[in-house]
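# Fold and contact review
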Amino acid sequence: MGAAATPAPPAAPPKPTWDPGQPEGPFPWLRPTIRIRLTLLYGGMFLIAGILLLSIIYLLAAQALREGNSLQYEIVAGQGIKVTSPSCPGVFPTGELERFNAAMNQCALDQRKHALDDLLSRSLMALLGLSIIAFAFGYAMAGRVLSPLGKITRTARRVVGSDLTRRIELDGPDDELKELADTFDEMLDRLERAFTAQQRFVANASHELRTPLAINRTLLEVHLSDPGAPVELQQLGKTLLATNERSEQLVEGLLLLARSENQIVDRKPVDLAEVASRALDQARGEAEAKGVEIRGERAPAVVQGNGVLLERIALNLVQNSVRYNVPEGGWVEVTTEAQPGQAVLVVSNTGPVVPAYEVDNLFEPFRRLRTERTGSDKGVGLGLSIARSVARAHGGRIHAIPREGGGLVMRVTLPL
């Protein structure tokens, strides 16, 4: 595991591991979506217009009542006048005409004020009710207008799962949204052709690269099986056979890395505990030869994915932990557990001290700690790169943490 002599290539930005179909936060209905903003815009404009209209009506009514009461009436003479009013108790039969006229004018003013207050309160109640209706109507209309965007979003989410056969095929008027949907469909056509060509190339390359390597291995094994071959040729044959085996591993790793970059479409239930146990069985012989202890408890943790690729994650991590360990008294601990919403595979080991700033370089192809891929006779420097690609293809992630005292803690999280 270690730093290389040459500078590391710039790391690609990590792929998103969150599900865009799931709303974020404890209150998803409070998210400032376009529909909510359009609803607030429509309702706010109606509310402002209603307040302005109410203010104008109130001012006009007040002016009309003021003009109607500008001429005061006065009784100058009369006998036997009887006036009663339950709303103006100050008006009563009296012989004093001045007091009677003052009470009548005050009563008219009170009636005017009462009429304006009643008009204002009823208008506010009507405006409140209409505003609620306007907001509900605006929400419904915004949803109807934005429904094509919802269809585009759902199609994009399906495409995230590498289902490039999906198309929007939006119907309706030839507006900006239909233009956007048609452009998106054209992009999906090009992407589907590109991915199909890539898959075809990987399949052809897999066959064309494996065949000559397999032939070379067979010829070398035949020559090495000849007991009469000179010692020099046998030594050369063993060297070439090791080189050929290394080339086969490199080809297999590159092809697997290319295949695992895409999302997994055909998913089946896979128990990480079973996957980790199979990986440990394959690496147990090498661990015993190096004196590395295998330990750890593996609880059932079922995820949806590809069993072969998930087993490759566990095998690569275990093999790295065994190979890059301390000479004596080393151990590798493999645990699995199911947590809320995710399954976790943790591989820890003893080993050399790994600086924290070197951890990210370990996941780059052909990178190791303090050595290039050509400086070791084990592996081809693609193990952790493949593990990261497979984890991303399953919608998960993998990260490493240096252990105090040496070694690493590799943690793989996969969605349930």
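Residues numbered from 1 in each chain as written. Predicted model: local features only at pLDDT ≥ 70, side-chain atom pairs only at ≥ 80, totals over all residues. Heavy atoms only, no water.

## Looking at the overall build of the protein chain
Regarding its fold elements, the protein chain presents seven helices and nine strands. Sorting the 416 residues of the protein chain into buried and exposed places 32% on the buried side. Considering only contacts in the protein chain between residues 6 or more positions apart, those separated by 24 or more positions represent 72%. Carbon and sulfur atoms form 60% of the exposed surface of the protein chain, whose accessible area is close to 25700 Å². (Helix = DSSP H or I, 4+ residues; strand = E, 2+ residues; numbered from the N terminus. Buried < 20%, exposed > 50% of the residue type's maximum accessible area, 1.4 Å probe, protein only. Contact = heavy atoms within 4.5 Å. Areas by Shrake-Rupley, 256 points an atom, 1.4 Å probe, with all protein chains shown as cover.)

## Structural notes on the environment of Asn-349
On the secondary structure map, Asn-349 appears in strand S5 (residues 342-349). Taking the relative accessible area as the measure of exposure, Asn-349 reaches 2% and is therefore buried. A polar side-chain atom of Asn-349 sits 3.3 Å from the main-chain carbonyl oxygen of Ser-321. A polar side-chain atom of Asn-349 sits 3.1 Å from the main-chain amide nitrogen of Leu-408. (Polar contact = N/O pair within 3.5 Å; in protein donor to acceptor, adjacent residues only side chain to side chain.)

## Details of helix H5 (residues 272-290)
With 19 residues, H5 should cover 27 Å at 1.5 Å per step; its first-to-last C-alpha distance of 26 Å lies within 8% of that length. Within H5, the axis deviates most sharply at Ala-283, by approximately 50°. For H5, the complete set of buried residues consists of Leu-272, Ala-273, Val-275, Ala-276, Ala-279, Leu-280, Ala-283 and Ala-287. A side-chain oxygen of the first residue of H5 lies 3.1 Å from the backbone nitrogen of Ala-273; this N-cap is Asp-271. Where H5 ends, the next residue or the one after it, Gly-291, has phi of about 70°, a positive value. (Expected span 1.5 Å × (residues − 1). Bend = angle between axes of the 7 residues up to and from the residue.)

## Considering the sheet that holds strand S8 (residues 397-402)
Hydrogen bonds between backbone atoms are what pair the strands of a sheet, whose relative direction is either parallel or antiparallel. The strand order across the open sheet built from five strands is S2-S4-S5-S9-S8, with neighbouring strands paired in mixed fashion. Of all strands in the sheet, those with a lone pairing partner are strand S2 (293-295) and S8, marking the two edges. Going from strand to strand, the sheet's axes swing by 15° on average, the running direction of each strand aside. Along the sheet face, H5 touches S2, strand S4 (331-339), S5 and strand S9 (408-415) and points at about 175° away from the line of S4. Packed onto the sheet, helix H7 (residues 383-393) meets S8 and S9 and runs at close to 135° relative to S8. (Pairing = 2+ DSSP bridges. Axes fitted to C-alpha atoms, helices over the stretch in contact; angles between N-to-C directions.)

## Overview of a nonpolar patch on the surface
Taken together, the side chains of Leu-41, Tyr-42, Met-45, Phe-137 and Met-141 make up a nonpolar region of the molecular surface, amounting to roughly 510 Å² of accessible area. Taken together, the elements giving at least two residues each to the nonpolar patch come down to helix H1 (34-68) and helix H2 (97-160). Looking at the nonpolar patch element by element, the count peaks at three residues for H1. Here Met-45 lies in helix H1. (Patch = residues over 30% accessible without salt bridge, like charges linked within 9 Å, V, L, I, M, F, W, Y side chains within 5 Å. Salt bridge = Lys/Arg side-chain N within 4 Å of Asp/Glu carboxyl O.)

## A closer look at the confidence of the model for the protein chain
Mean pLDDT over the protein chain: 76, with 75% of residues reaching 70 or higher. Here residues 1-26 is a poorly scored stretch, pLDDT under 50, and it has 42 contacts once near neighbours within four places are set aside; other chains count. Residue range residues 371-377 is modelled with pLDDT below 50. Its contacts to residues more than four positions away, or to other chains, number 17 contacts. (pLDDT = per-residue confidence, 0-100.)

## Concerning the pattern of salt bridges
Per the counting criterion, the structure on display carries eight salt bridges. For Asp-182, the salt bridge is made with Lys-178, and the minimal N-O distance between the two is 3.3 Å. Here Lys-178 and Asp-182 lie together in helix H3 (residues 176-224), a separation of four residues that amounts to about one turn. Here Glu-311 makes a salt bridge to Arg-278, at a shortest N to O gap of 3.1 Å. Placement of the pair is Glu-311 in helix H6 (residues 307-323) and Arg-278 in helix H5, with a sequence separation of 33 residues. Arg-278 sits in the partly exposed class, given a relative accessible area of 31%. Each member of the salt-bridge network shares a partner with another, and the members are Glu-274, Arg-278 and Glu-311.

## Description of the packing of H5 against H6
Each pair of packed helices can be summarised by the angle the axes make with each other and by the distance between the axes. Running from amino to carboxyl end, H5 crosses H6 at an angle of 30°, the nearest separation of the two axes being 8 Å. Our classification of the angle between H5 and H6 gives roughly parallel. As H5 packs across H6, the resulting crossing turns out to be right-handed. Across from Leu-272, Val-275, Ala-276, Arg-278, Ala-279, Leu-280, Gln-282, Ala-283, Glu-286, Ala-287 and Lys-290 in H5, the residues of H6 making contact are Gly-307, Leu-310, Glu-311, Ala-314, Leu-315, Val-318, Gln-319, Val-322 and Arg-323. Across the contact of H5 with H6, the residue classes break down as twelve nonpolar, three polar and five charged. (Parallel < 35°, antiparallel > 145°, perpendicular 65-115°, else oblique. Left-handed = near helix turned anticlockwise from the far one by under 90°. Nonpolar A, V, L, I, M, F, W, Y, C, P; charged D, E, K, R; others polar.)

## Some words on the pairing of S8
Here S8 runs beside S9; their pairing, made up of six bridges, is antiparallel. What sits directly across from Pro-402, in S9, is Leu-408.

## Side note on the packing of H6 against H7
Where H6 meets H7, the axes come as close as 9 Å, and the angle between the chain directions of the two elements is 145°. The chirality of how H6 crosses H7 is left-handed. Residues Leu-309, Leu-310, Arg-312, Ile-313, Asn-316, Leu-317 and Asn-320 of H6 form the contact with H7, whose own contacting residues are Gly-383, Leu-384, Ile-386, Ala-387, Val-390 and Ala-391. Grouping the constituent residues of the contact of H6 with H7 by class yields nine nonpolar, three polar and one charged.

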